[in-house]
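Here is how the chains run, residue by residue.
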Amino acid sequence: MTQSTLEVSHLYTSFFSERGEIKAVQDVSMRIGKGQVVGVVGESGCGKSMVARSIMGLIKKPGKIVSGSILLDGQELTSLGENELCKIRGKDVSMVFQEPMTSLNPTMRVGLQVQEVVSIHENVSKEEARQRTLAILSAVGIPEVKERYNAYPHELSGGLRQRVMIAMAMVMRPRLLIADEPTTALDATVEAQIIALLRQLADNGTSVLIISHNLGVIAQLADHVYVMYAGHVVESASVFELFDNPLHPYTLGLLRAVSSLRSQSKVLQTIPGIVPNLAHLPVGCSFAPRCDKCMARCTSTQPELVAVGSGHEVRCHLTKRVDAQ
Ligand code: SF4
């Protein structure tokens, strides 16, 4: 097993409103090895982005991490104050957001936005910060970097803007890059280029956590996958195991929906119903109202996440625990 860059253990994150406690993340544990790409997949509202924001220390009131541990190379992040987290964000852990147009400053040249990250975290001359900016813009595949350095975000295509975001996230060579739906706003060609770029970063030793509702992106990029539903991890396995031997009814539903899209079947397969309101989760299994295999026990007792094989875990009463030898 590779050395862990990130170890999340039994993480609970909630938002407290007048309508009650919204349990956004419940008992989530995950690890990412050095140079490993880990995917988190699930529908919107399943808690994927809240896991990322918890790791980044970006949960704002009325939300908070209720309990659990987040270790980055052995350092506990949940006990750090905002000043200490600011030093880590952008330097040791970076995040690429879904829509670069809303994440980049529209009034500032893109080169200066990347350069600013260097100047904030390191005491280097303006010229050195500029040279490092040009080098990273070139490394993420931006052509004619000297001209593009002076461009404003609206003067670049969607693909180039996303590359600028990745350059900004990578310029300090972070140990962990979190990419939240990094290709959702892009066309298929640019999506393939960004996937190749993220894979290249991992091959060079950066650990990558990619969040996506798109199983196709996850299949191309991830080494290991966590499937999330209603704030819980419901299945986790290596990417090959998950696609060869999916066990949780929710994972099966997601895969059926993708294959009916790919095969251009006349009947589009969907998972009936919607993701439950996280403030009013059903008793028992959260997936029970949508599950075609639901049994009496499912509506009264919440299933535990159990190991069903090497590195494969499932949260469903139908699966049988395989105890370690
Ligand atoms: Fe379906 Fe029951 Fe398994 Fe939940 S525990 S996924 S309701 S079979």
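The sections below set out a description of the structure shown in this document. All of these numbers come straight from a predicted model, not from anything done at the bench.

**Focus: the sheet that holds strand β7 (residues 176–180)**
The pairing of strands in a sheet happens through backbone hydrogen bonds and is either parallel or antiparallel. Pairing is mixed in the open sheet, where eight strands are placed in the order β6-β7-β8-β3-β9-β10-β12-β11. If you trace the sheet from one side to the other, it starts and ends with β6 (93–96) and β11 (305–309), each paired once. The sheet shows a mean angle of 20° between the axes of neighbouring strands, direction not considered. Two elements, β7 and strand β8 (residues 207–212), share five bridges in a ladder whose sense is parallel. Within the sheet, the bridge partner assigned to Asp 180 lies in β8 and is Ile 211.

**Remarks on the site of the ligand**
In the neighbourhood of the ligand, the contacting residues comprise His 248, Pro 249, Cys 285, Phe 287, Ala 288, Cys 291, Lys 293, Cys 298, Pro 303, Cys 316, His 317 and Leu 318. Its residues placed into classes, the shell around the ligand shows nine nonpolar, two polar and one charged.

**Brief notes about the packing of helix α4 (residues 110–121) against helix α5 (residues 126–139)**
Packing of α4 against α5 leaves a shortest axis separation of 9 Å and a crossing angle of 120°. The angle between α4 and α5 falls in the class oblique. The element α4 and its partner α5 pack so that their crossing is right-handed. Where α4 approaches α5, its residues Gly 111, Val 114, Gln 115, Val 118 and Ser 119 are matched on the opposing element by Lys 126, Ala 129, Arg 130, Arg 132, Thr 133, Ile 136 and Leu 137. By residue class, the composition of the contact of α4 with α5 is five nonpolar, four polar and three charged.

**Topic: the side chain of His 248**
Tracing the backbone through its elements, the reader meets His 248 in the loop between α10 (239–244) and α11 (249–262). Polar side-chain contacts of His 248 include one of 2.9 Å to the backbone oxygen of Arg 315. For His 248, the contacting residues outside a window of four places in its chain are Val 234, Glu 235, Phe 287, Val 314, Arg 315 and Cys 316.

**A look at the pairing of β7**
Of all five residues in β7, five are buried, a share of seventy percent or more. Judged by which residues are buried, β7 turns out to be covered on both faces: Leu 176, Ile 178 and Asp 180 on one side and Leu 177 and Ala 179 on the other are all buried.

**Observations concerning the environment of Asp 203**
Take Asp 203: it is sitting in helix α8 (residues 188–203). Placed 169 residues apart in sequence, Asp 203 and Lys 34 show a C-alpha to C-alpha distance of 9.6 Å.

Conventions we followed
- Residues numbered from 1 in each chain as written.
- Predicted model: local features only at pLDDT ≥ 70, side-chain atom pairs only at ≥ 80, totals over all residues.
- Heavy atoms only, no water.
- Pairing = 2+ DSSP bridges.
- Helix = DSSP H or I, 4+ residues; strand = E, 2+ residues; numbered from the N terminus.
- Axes fitted to C-alpha atoms, helices over the stretch in contact; angles between N-to-C directions.
- Near = heavy atom within 4 Å.
- Nonpolar A, V, L, I, M, F, W, Y, C, P; charged D, E, K, R; others polar.
- Parallel < 35°, antiparallel > 145°, perpendicular 65-115°, else oblique.
- Left-handed = near helix turned anticlockwise from the far one by under 90°.
- Contact = heavy atoms within 4.5 Å.
- Polar contact = N/O pair within 3.5 Å; in protein donor to acceptor, adjacent residues only side chain to side chain.
- Buried < 20%, exposed > 50% of the residue type's maximum accessible area, 1.4 Å probe, protein only.

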